[in-house]
Amino acid sequence: MNAPYLETTQTKEGWQAVFAFQVFHRPAAEWLAMRWGFNAGALLEEALERYKLFIESQSLSETAFLANDQPDRTLAMRGMNLPGKGLQMALLGKATSAEKSQAALAARDYAREIFSVFPHDFILVPAELKTDYDRLYGKDFFARSPQAASIQREAAYMPPMPHQYFTGFWQSGPRANEQVWRALSNMPQTAMLNIVIQPSTLYEGEKEMLLEAKKIPAKTGQAEDEDEAEQEEKKQEESIFSDYMTWADAYIKRRLTLWKKFFLLQVHVLVDGAVDENLLRSIGSTITRDSKDTSMPGFQIVRPNSVDEERAWREQIRALDFLPSSMHIHDLADVDEAFAVFRLPYRPDAGLPGANFISAVKEPPKPLG
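Student: I'd like a description of the packing of helix H8 (residues 204-215) against helix H10 (residues 242-255), backed by residues and values.
Tutor: When two helices pack together, their arrangement is captured by the angle between the axes and the distance separating the axes. Their axes nearest at 10 Å, the elements H8 and H10 cross at an angle of 150 degrees. Between H8 and H10, the crossing angle belongs to the class labelled roughly antiparallel. Between H8 and H10 lies a crossing of left-handed hand. Judged by residue contacts, Leu210, Ala213 and Lys214 of H8 engage Asp249, Tyr251, Ile252 and Arg255 from H10. When grouped by side-chain class, the residues that make up the contact of H8 with H10 number 4 nonpolar, no polar and 3 charged.

So, in structure tokens, the structure goes:
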């Protein structure tokens, strides 16, 4: 791998260094030839397994995270629709440290790791020049002050648990994200999907909150001094809320699973003009799907409340930072959730109808006449 260009800047917390890769699909014939199985279906299963392994490799155990003896690392996926050109796919990585030299060294090591272990179903080309880096992170696009929106999991109110809101899970399917890229590709103006992840953990206070919430239903039990009418009313109330409790129990169990690994994850959409509600719905519905066993509350759209806040959002997204959140736990996602969201599209042999990806392979010139 050729050394990528590093954009190194000083922040309030220290220094950060950012690199960028342009991502291309491997030519279809070459990709199909790499399969271990007997058909294209097996190839997709193999590719998804490779991708999930990559996501797992970017996580940290709770012990390693809390040790805090490594530079912070953030990874962003940016898909940008360039009208008349196609979809530009990019990976950007950021390492932060107290010293400039440490941040640069950590970023170079990080870039080498990403290049080495990223699924070979795709081709990564490092941005070696500042001009290429600027193009991939979207310098001209951000200079036009695009409008921004954030797609989040719906925070569902749990009636049996006073003041308790639990987010759903990020969920999708093996081929569902095709809808995301087709919707993005058909935008009439420049539009960007930005998905950012960073290793994190479930903090002790959050664990205690979940454990306390789990005890609340027990407190609704019958008291000795209640008459029969009151007891019957409580039984009816508990029956009405039983589905909520079943769902909440599953949520708490999944979050508190021993040795679970987590990321902070946010999804942002920026558009050169008004952010299209149809684009937001196409993306949000794809990554908050119901499973066979569990229904999800869905997604919600959050927008900046003022011009100044939107300006701050643009700068934070541009710099691979996370937008302010009401609760740390509301941005947490486990490995399966990150795998459902932080995923590049696969392109079958015949192409993906409605999606025009910029290719590393130049088409041969058409014969004259």
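Student: Let's hear about unusual backbone geometry: which residues, and what values?
Tutor: Positioned with a positive phi, Ser145 is a non-glycine residue whose angle comes to about 55 degrees. Turning to its location among the elements, Ser145 is positioned in the loop between helix H6 (139-143) and strand E6 (147-153).

Student: Which residues make up the packing of aromatic side chains, and what values go with them?
Tutor: Considering all chains together, one arrives at 20 aromatic pairs under this definition. Considering the side-chain rings of Tyr51 and Phe118, the 5.8 Å spacing of their centres and the 70 degrees angle between planes classify their relative orientation as edge-to-face. In this pair, Tyr51 sits in helix H2 (residues 40-57) while Phe118 sits in the loop between helix H4 (100-117) and strand E5 (122-126), placing the two residues 67 residues apart along the sequence. Here Tyr51 matches Phe118 in class, with each residue buried. A network of ring pairs unites the aromatic residues Trp31, Tyr51, Phe54, Phe118, Phe122 and Tyr346 as a single cluster. One residue, Arg254, lies across the ring of Phe169, its end atom 4.2 Å from the ring centre. Positioned above the aromatic ring of Phe339 is the side chain of Arg343, whose terminal nitrogen or guanidinium carbon lies 4.3 Å from the ring centre.

Student: Can you break down the confidence of the model for the protein residue by residue, with the values?
Tutor: For the protein, mean pLDDT is 88; residues scoring 70 or higher make up 89% of the total. Across the protein, the secondary-structure element scoring lowest on mean pLDDT is helix H9 (residues 228-240), at 60, and the one scoring highest is strand E10 (residues 262-271), at 98. Note on residues 364-369: pLDDT is under 50 here. Beyond four places in sequence and across chains, it has 0 contacts.

Student: Residues and numbers for helix H11 (residues 277-286), please.
Tutor: Looking at H11, one finds that the buried residues are Leu279, Leu280, Ser282, Ile283, Gly284 and Thr286. A distance of 2.7 Å separates the backbone nitrogen of Asn278 from a side-chain oxygen at the start of H11, and that oxygen is part of Asp276.

Student: How would you summarise the pairing of E6 if you had to cite specific residues and measurements?
Tutor: Burial within E6 is extensive, with 5 of its 7 residues counted as buried. Pairing between E6 and strand E11 (residues 299-302): 4 bridges, direction antiparallel. Note that in E11 the partner of Gln152 across the bridge is Gln300.

Student: With reference to specific residues and values, describe H10.
Tutor: The first and last C-alpha atoms of H10 sit 20 Å apart over 14 residues, in line with the 20 Å expected at 1.5 Å per residue. Taken together, the buried positions of H10 are Met245, Trp247, Ala248, Tyr251, Ile252 and Arg255. Buried residues of H10, viewed axially, fall in a sector of 165 degrees; they line one side. When the buried face of H10 is taken as reference, the exposed residues oriented beyond 90 degrees from it are Asp243, Thr246 and Lys253.

Student: Report on the packing of helix H7 (residues 178-185) against H11, specifying residues and quantitative values.
Tutor: Running from N to C, H7 and H11 cross one another at 170 degrees; their axes reach a closest spacing of 8 Å. Considering the angle they form, H7 stands roughly antiparallel to H11. Along its contact with H7, which presents Gln179, Val180, Ala183 and Leu184, the element H11 presents Leu279, Ser282, Ile283, Ser285 and Thr286.

Student: Tell me about the environment of Met245, and name the residues and values.
Tutor: The topology assignment puts Met245 in helix H10. Along the sequence, Met245 and Met158 sit 87 residues apart, while their C-alpha atoms lie 7.8 Å from each other.

Student: How would you summarise the pairing of strand E4 (residues 86-97) if you had to cite specific residues and measurements?
Tutor: With respect to burial, E4 is a largely interior element, 11 of its 12 residues being buried. Note that strand E2 (residues 14-25) and E4 share 9 bridges and pair antiparallel. Note on E4: the bridge partner recorded for Ala17 is Ala95. Looking at chain direction, strand E3 (residues 72-82) and E4 are connected through 11 bridges and run antiparallel. In the strand pairing of E4, Thr74 is matched with Lys94. What sits between E3 and E4 in their antiparallel hairpin is a turn of 3 residues, with Gly84 showing a positive phi close to 85 degrees.

Student: Before we move on, could you go through the pattern of salt bridges and cite the residues and values that matter?
Tutor: Using the criterion set out here, one finds 21 salt bridges in the structure. The residue Asp272 makes a salt bridge to Arg144 at a minimum N-O spacing of 2.9 Å. Here the residue Asp272 occupies a position in the loop between E10 and H11, and Arg144 occupies one in the loop between H6 and E6, the gap between them amounting to 128 residues. Take Arg144: its relative accessible area is 39%, and that puts it in the partly exposed class. Asp334 is the salt-bridge partner of Arg254, the closest N and O atoms lying 2.7 Å from each other. Taken as a pair, Arg254 in helix H10 and Asp334 in strand E12 (residues 332-334) lie far apart in primary sequence, 80 residues in all. Taking the relative accessible area as the measure of exposure, Asp334 reaches 1% and is therefore buried. One network of salt bridges, in which partners are shared, links Arg153, Arg254, Arg255, Lys260, Asp334 and Glu337.

Rules of the game
Residues numbered from 1 in each chain as written. Predicted model: local features only at pLDDT ≥ 70, side-chain atom pairs only at ≥ 80, totals over all residues. Heavy atoms only, no water. Axes fitted to C-alpha atoms, helices over the stretch in contact; angles between N-to-C directions. Helix = DSSP H or I, 4+ residues; strand = E, 2+ residues; numbered from the N terminus. Parallel < 35°, antiparallel > 145°, perpendicular 65-115°, else oblique. Left-handed = near helix turned anticlockwise from the far one by under 90°. Contact = heavy atoms within 4.5 Å. Nonpolar A, V, L, I, M, F, W, Y, C, P; charged D, E, K, R; others polar. Phe/Tyr/Trp six-rings, centres within 6.5 Å; stacked < 30°, edge-to-face > 60°. Buried < 20%, exposed > 50% of the residue type's maximum accessible area, 1.4 Å probe, protein only. Lys NZ or Arg CZ within 6 Å of the ring centre and 35° of its normal. pLDDT = per-residue confidence, 0-100. Polar contact = N/O pair within 3.5 Å; in protein donor to acceptor, adjacent residues only side chain to side chain. Pairing = 2+ DSSP bridges. Expected span 1.5 Å × (residues − 1). Arc of directions from axis to C-beta. Salt bridge = Lys/Arg side-chain N within 4 Å of Asp/Glu carboxyl O.

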